[in-house]
Amino acid sequence: MKKFNWFDWFDWLTNTTNSTIATNTTTGKNMPKKKSFDLSVNLGKLKLKNPVLTASGTFGYGKEYSEFVDLNRLGAIVVKGISLKPMKGNPMPRICETPCGMLNAIGLQNPGLKDFIRKQLPYLKKFRTRIIVNILGNSIDEYIELAENLEAQGIDAVELNVSCPNVKKGGIVFGTDPKIFRELIESVRQRTSLPLITKLSPNVSDIKLFAKIAEDAGSDVISLINTITGMSIDIKTGKPRLANITGGLSGPAIKPVAVRMVWECYKTVRIPIIGMGGIISAEDAVEFLLAGASAVAVGTGNFINPKATMDILEGIKTYMSAKGIRSLRELTGAVKC
Ligand SMILES: Cc1cc2nc3c(=O)[nH]c(=O)nc-3n(C[C@H](O)[C@H](O)[C@H](O)COP(=O)(O)O)c2cc1C
């Protein structure tokens, strides 16, 4: 017999909108159902049961957090960036703490596509959640090969990490050159029918331009923001704190920048937005929704509190209840300005 699970029950109760009567599964009798919320989200053709996702690179491949989080309750798991071949990453030290945030220069360390498919994917597929794979390549062909192989494996969507250098085009970073950025998205779009999420880099002068290109080139969704390039120096030694010298800043320090960028993109494109950057509480998440996000991803917040995703999901429900909001979709872009 299937084991009774409180989390499933609560999810079911809060996700059911059509009926006002629920059946008591123990007695079989009808009972008045609590007023319910609709937390479901449509990211183009990708349907999620709730808006809380993990941000790539901060939640491993799910297993690492399974002691703290019921993975079935996540809207989606976005896994750490995967490349065709394994990558060793940058030399240590590659993480350092900064006021209200952290700098990382992990260097996209990952086990590569084959290992991911063999060792990580079977575990992830056991859960009733969406699997989104963040992919990275050094050429357009590598992105295409990744997307095609992953589509054959039955994942739910790919997220393009465009913060990688295009080796064939002299090392220019995909996400900061409008021409290469467009070419990449159009090329991947032609070769996969998977929902395509393009993750925008904040290290550009006008993020709206890139949001529009992503939409025109065939992205179903945009996600933002990736980390902001930063640097920290140890004044005792006079040396940079990271062996790589510079790294990506994440955590609460970047939240106002991220919220501003989500708001700008919301006014620019019609495709849905996954907002992220410094979300550690439900209040932060709601801020992103009001700015225009349809869903949110929790990154560095997972390092502070491994249960952050679950606390944020509960907090969003509490907020909706207090405000008398029945459908999460009412929140998207509802900022009053
Ligand atoms: C340690 C670490 C590893 C990351 N790895 C990836 C990655 O593999 N692919 C990617 O697109 N973003 C990666 N990111 C960026 C996050 O997904 C997220 O966009 C960024 O950290 C901002 O969100 P946050 O402030 O909530 O962490 C990484 C971030 C951190 C801190």
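Residues numbered from 1 in each chain as written. Predicted model: local features only at pLDDT ≥ 70, side-chain atom pairs only at ≥ 80, totals over all residues.

Asker: So what exactly am I meant to see when it comes to the overall build of the chain here?
Answerer: A count of helical and extended segments in the chain gives nine helices and 20 strands. When the 337 residues of the chain are sorted by exposure, 44% land in the buried category. (Helix = DSSP H or I, 4+ residues; strand = E, 2+ residues; numbered from the N terminus. Buried ≥ 20, exposed ≤ 12 C-beta atoms within 10 Å, placed from the backbone.)

Asker: Please explain the environment of Thr 198 as it appears in this structure.
Answerer: Relative to the helices and strands, Thr 198 resides in strand E13 (residues 196-199). Placed 13 residues apart in sequence, Thr 198 and Ile 185 show a C-alpha to C-alpha distance of 7.8 Å. If sequence neighbours within four positions are ignored, Thr 198 has contacts with Leu 160, Val 162, Ile 185, Ala 214, Ser 219 and Ile 222. (Contact = placed C-beta atoms within 7 Å.)

Asker: Would you explain helix H6 (residues 255-268) in this entry?
Answerer: Quick reminder: α-helices carry 3.6 residues per turn. Residues three or four places apart thus point the same way. Here H6 contains 14 residues, and its C-alpha end-to-end distance of 20 Å stays within 8% of the 20 Å for a straight helix at 1.5 Å per residue. Residues of H6 that are buried sit in contact with helix H5 (207-216), strand E14 (221-224), strand E19 (273-275) and helix H7 (282-291). (Expected span 1.5 Å × (residues − 1).)

Asker: What is the right way to read the pairing of strand E6 (residues 76-82) from this model?
Answerer: Look at any regular strand and the pattern is simple: side chains alternate between the two faces of the sheet. In terms of burial, E6 is a largely internal element, seven of the seven residues being buried. Pairing of E6 with strand E9 (residues 130-135) involves five bridges; the strand directions are parallel. Of the residues in E9, the one forming a bridge with Val 79 is Val 133. (Pairing = 2+ DSSP bridges.)

Asker: Explain the site of the ligand to me, please; I cannot follow it from the model alone.
Answerer: Around the ligand, a shell composed of 25 residues is seen, among which Ala 55, Gly 57, Gly 81, Ser 250 and Gly 299 lie nearest. A class-by-class count of the residues in the shell around the ligand yields seven nonpolar, 16 polar and two charged. (Near = placed C-beta within 6 Å. Nonpolar A, V, L, I, M, F, W, Y, C, P; charged D, E, K, R; others polar.)

Asker: Is there a simple way to think about helix H2 (residues 113-124) in this case?
Answerer: Regarding H2, the residues found buried are Leu 113, Phe 116 and Gln 120. One side of H2 carries all its buried residues, which in axial view fall inside an arc of 80 degrees. Exposed residues on H2 whose side chains face more than 90 degrees from its buried face are Arg 118, Lys 119 and Pro 122. Contact partners of the buried residues in H2: E6 and helix H3 (140-152). (Arc of directions from axis to C-beta.)

Asker: I would appreciate a short explanation of the sheet that holds strand E15 (residues 228-231) in the present structure.
Answerer: Strands in a sheet are paired, the pairing made by backbone hydrogen bonds, and the direction either parallel or antiparallel. The sheet built from four strands is open, its strands ordered E7-E8-E18-E15 with antiparallel pairing. A single partner strand is all that each edge strand has here, and the edge strands are strand E7 (95-98) and E15. Ignoring which end each strand starts from, the neighbouring axes of this sheet average 40 degrees apart. Where E15 lies against strand E18 (residues 246-250), four bridges are found, and the strand directions are antiparallel. Residue pairing across strands places Met 231 opposite Thr 246, the latter belonging to E18. (Axes fitted to C-alpha atoms, helices over the stretch in contact; angles between N-to-C directions.)

Asker: How do you make sense of unusual backbone geometry when you look at a structure like this?
Answerer: With the exception of glycine, most residues fall at negative phi, and the peptide bonds are largely trans. A cis amide bond links Met 92 to the next residue, Pro 93, at an omega of -10 degrees. Leu 224 connects to Ile 225 through a cis peptide bond whose omega is 10 degrees. One can find Ile 225 in the loop between E14 and E15. The phi torsion at Cys 100 lies on the positive side, around 60 degrees, for a residue other than glycine. The residue Cys 100 is located in the loop between E7 and strand E8 (101-104) in this model.

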